[in-house]
Each structure stands twice: as structure tokens, then as C-alpha cells.
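The chain contents come next:
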Amino acid sequence: MFVAASILYGTLPVGGISPLQAQVQTFESYPYLQKAYKEEKKKNWPEVQALMEHLLSREADNKTAKTLLIRAFLGQNKYKEAEAMAEKVSSDPEGSQQLQNIRTTMLSKGLVQENVLSSWLKKSKDNDKTQLINAHVNRLASTQNPDVALNWLEKNYSQNDSRALRKTRSVLAEKCNKNDVVIDALSPLLASHQLGRDDLRRLGMAYVNNLDPVAIDNLLPFVSRPEDKKLLATAFVFKAIAQKKGNLAETWLKHWENIIGHSSDIQEMQWNLAVANNNVPEIIHLSGPLRKPCLDTVEVLADRDADAAILENNQRLGSILLNACKIRSRWKTIPCLHHGKNNVVSL
């Protein structure tokens, strides 16, 4: 019975304790543990705390009591007490992970001073250190703003080459519209294929915002999905148009067409470029293949060349009416009359 209880509650004998002493301790601790588990189910955390503190005053090395006491502290939002107790049982992987979880929770709630965080970071391994830093900067970003979080990270860890921290820097930098910081953080990871889909999009948009076609061209082989490549290409064209750099947009479009071939997507971008450049002949030329509604085309032309708008309107209307006439003639075998005096098809 004693052995079974020892296995159940994690109180098997350790070095320095005789089997008989271990059995006595198990026997004496059993009522307290049993009571604590019952109170834990009721979420009666003060009672669990009182029971386990009493038990630990008699059996200082009872690991099960320490674990239950940590849960009691957390249930009462006593994070500092929970962290202190968790540090005492952090020698094994399970205890170490429990301590890390408590610390990240405390950081996310803003319960940690800078000097305490610095102390934790000095003692932490790389992965744990990254988690703690991320928890802190996420807290700064949510409670203050991304600029504050990025400034803190740049000040303290700008030279840190860990992949996770570089990605954190890039996310914050994107929110702060700092394209050069995004590029500095992510570009070293490109050649080694350490960037995921979101990272590639983030880096690509930084190149787009800097209007750097060479960098985008070098990035595209690493982008696997066609829709992601299209997003970058389209974004670059519209960015160039918005910056009044129509020649750059036109050059990029021709280059992009060589990559993916002629398509409606290319034509749509060419249409937008023609509209931005007030290129009336190109607007008229592309409106047909793109099946632009008559009113849309006429509206665009009206702001640029009124005569062309009128001509386009008449041609479209004449074509529509002639087609209607042909259809009616087929249905009713009635000869279609030609244009009357007012250039209107008579039916």
C-alpha cells in the first residue's frame, strides 16, 4: 500500500532516506495530499495552499506538495510566489518547463521589472531566452506601441542572430513601416531557406516599398506559390504608379511578362498603367480584351480626351445595336434596316 501511494504521489525514496523513513513519510503525507486534491477539484486554492505549506514544513523535499503549492499560487494569481517555488523544482525538464511557462505568463501580464528580466535572461538557455524576450516585446507592443517594442529590441538585442529574434524584429519593423529594418532582419536568412511564407511576403513587401526591382527579382525564386509571386509583382507596379514612376512600372511589367507569359493579369496591370500615364490609345486598345464595361471605359476617357470618349461610346453603342439587329433578323427573318439620319440603327 505504501509503495502504491509513493508511486501515485511521486514520493518514492530519495538518497539519504531509508525505505522505512520513506514509508513513514508517505503514510504521514497521504491525508494531506488526499485532502489537497479534493480541494483542488473545488478550486479552493487557499485551502490547498495551507495544506501544502503545512506539509512542506514537515517534509521540505516533498515534490508533489511543491507542485500542488505552485498550482495553488497560480490559482490565486500569486505569480511571484509560484515563480519562486517553481525555481526550486526546476532541475528536471518538466520543472524547468513549468518555470519557463510561469515566467512568460508574468512577462505577458507586465509583472516583471527590467532588472528581474535581465537576471532571468542571464541564466536562460537560447530557446528560453528567446521566449522571454518575445513575451516582453509583445507586451510592450500591445500596451504601448510597436515602436517602443522595436526600440527596446534594437537597443538590447540588435546583434542577436537567432532566427526567432530576427523574425520578431521583422514583424515589429513592418508594423512601424521600417523597411530597412525588415530587410536587415530577414535577408540574411534567405539563402539558407530559413524563411517561411509570411517571412517571404514581409521581405518582398519591404523591397516593394523601397522600389527595388533587383531585390524582388532575386527573391522570386524562393517564392513557391504563383499567387504570392503575383501579389509581389502587382504590388510593385501599383507602388511605382503611385510614386509617379511609370517608366519603372512599364519596365517591370515587360520583365514580369517574360517570366510568367502573357495573361489577363498582365493586361490588367497594363490597363492601370495606361490610366495612370493618360495613355488614351492604350486604354482603348486594352478595354476590349479585358472586357471593360462601356461606361467604365468612357468614364476613364472622359477625364483625358472627351472626343475619344464620345467616339468610343458611339462605337460601342453601334456595335451593340448592330448585334441586336442581326439577332432579330435571324429570329424573325425580317431584313435589318441600316443607320438612319441620326446614326441610330432602326429596328
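Residues numbered from 1 in each chain as written. Predicted model: local features only at pLDDT ≥ 70, side-chain atom pairs only at ≥ 80, totals over all residues. Heavy atoms only, no water.

Colleague: Give a detailed account of the packing of helix 5 (residues 79-88) against helix 6 (residues 93-108), specifying residues and quantitative values.
Modeller: Direction vectors running N to C along helix 5 and helix 6 enclose 155°, while the axes themselves pass 9 Å from each other. As judged from the angle between their axes, helix 5 and helix 6 are roughly antiparallel. Crossing angle aside, the handedness with which helix 5 passes helix 6 is left-handed. Contacts between helix 5 and helix 6 involve Y79, K80, A82, E83, A86 and E87 from the former and G95, L99, I102, R103, T105 and M106 from the latter. (Axes fitted to C-alpha atoms, helices over the stretch in contact; angles between N-to-C directions. Helix = DSSP H or I, 4+ residues; strand = E, 2+ residues; numbered from the N terminus. Parallel < 35°, antiparallel > 145°, perpendicular 65-115°, else oblique. Left-handed = near helix turned anticlockwise from the far one by under 90°. Contact = heavy atoms within 4.5 Å.)

Colleague: So what about the packing of aromatic side chains? Which residues, and what values?
Modeller: Considering all chains together, one arrives at 2 aromatic pairs under this definition. Seen from their ring centres, W152 and Y157 are 5.8 Å apart, and the 50° between their planes marks the pair as tilted. An identical accessibility class is assigned to W152 and Y157; each is buried. When the centroid spacing of 5.1 Å and the interplanar angle of 50° are considered together, the rings of F236 and W252 count as tilted. Taken together, the residues F236 in helix 14 (residues 226-242) and W252 in helix 15 (residues 246-260) connect sequence positions 16 residues apart. Each of the two residues, F236 as well as W252, counts as buried. (Phe/Tyr/Trp six-rings, centres within 6.5 Å; stacked < 30°, edge-to-face > 60°. Buried < 20%, exposed > 50% of the residue type's maximum accessible area, 1.4 Å probe, protein only.)

Colleague: Please give an account of the nonpolar core that cites residues and values.
Modeller: Ranked by internal contacts, the top residues of the largest apolar core, which has 74 residues, are M52, I133, W152, L153, L203, L219 and W252. Counting residues per element, this core draws most heavily on helix 14, which supplies 7 residues. Excluding anything up to four places from it in sequence, I133 contacts L121, W152, L153, Y157 and L165. (Core = buried A, V, L, I, M, F, W, Y, C linked by side-chain atoms within 4.5 Å.)

Colleague: Could you give an account of the side chain of R103, naming the residues involved and the relevant values?
Modeller: As for its position among the elements, R103 is in helix 6. Take R103: its relative accessible area is 7%, and that puts it in the buried class.

Colleague: Outline the pattern of salt bridges, supporting the account with residue identities and numerical values.
Modeller: Scanning the model with the defined rule gives 16 salt bridges in all. Across the pair E87 and R103 runs a salt bridge whose closest N-O atoms are separated by 3.5 Å. Residue E87 is found in helix 5, and its partner R103 is found in helix 6; the two are separated by 16 residues along the sequence. A relative accessible area of 37% means that E87 is categorised as partly exposed. Here R202 ties to E174 by a salt bridge, and the two come within 2.8 Å at their closest N and O atoms. On the criterion of sequence distance, the pair formed by R202 in helix 12 (residues 197-209) and E174 in helix 10 (residues 163-175) is long-range, its members being 28 residues apart. Judged by its relative accessible area of 10%, R202 falls in the buried class. (Salt bridge = Lys/Arg side-chain N within 4 Å of Asp/Glu carboxyl O.)

Colleague: Please set out the confidence of the model for the chain residue by residue, giving values where relevant.
Modeller: Interpretation of this model should avoid reading the predicted coordinates in detail wherever pLDDT is low. In this model, the chain carries an average pLDDT of 79, and 71% of its residues clear a pLDDT of 70 or more. When the elements of the chain are averaged for pLDDT, helix 1 (residues 2-9) gives the smallest value, 42, and helix 12 the largest, 96. Confidence drops under a pLDDT of 50 for residues 1-15, and excluding neighbours within four residues, the segment shows 20 contacts in the predicted structure. Counting contacts from residues 316-347, a segment whose pLDDT is below 50, to residues more than four positions away or on other chains yields 19 contacts. (pLDDT = per-residue confidence, 0-100.)

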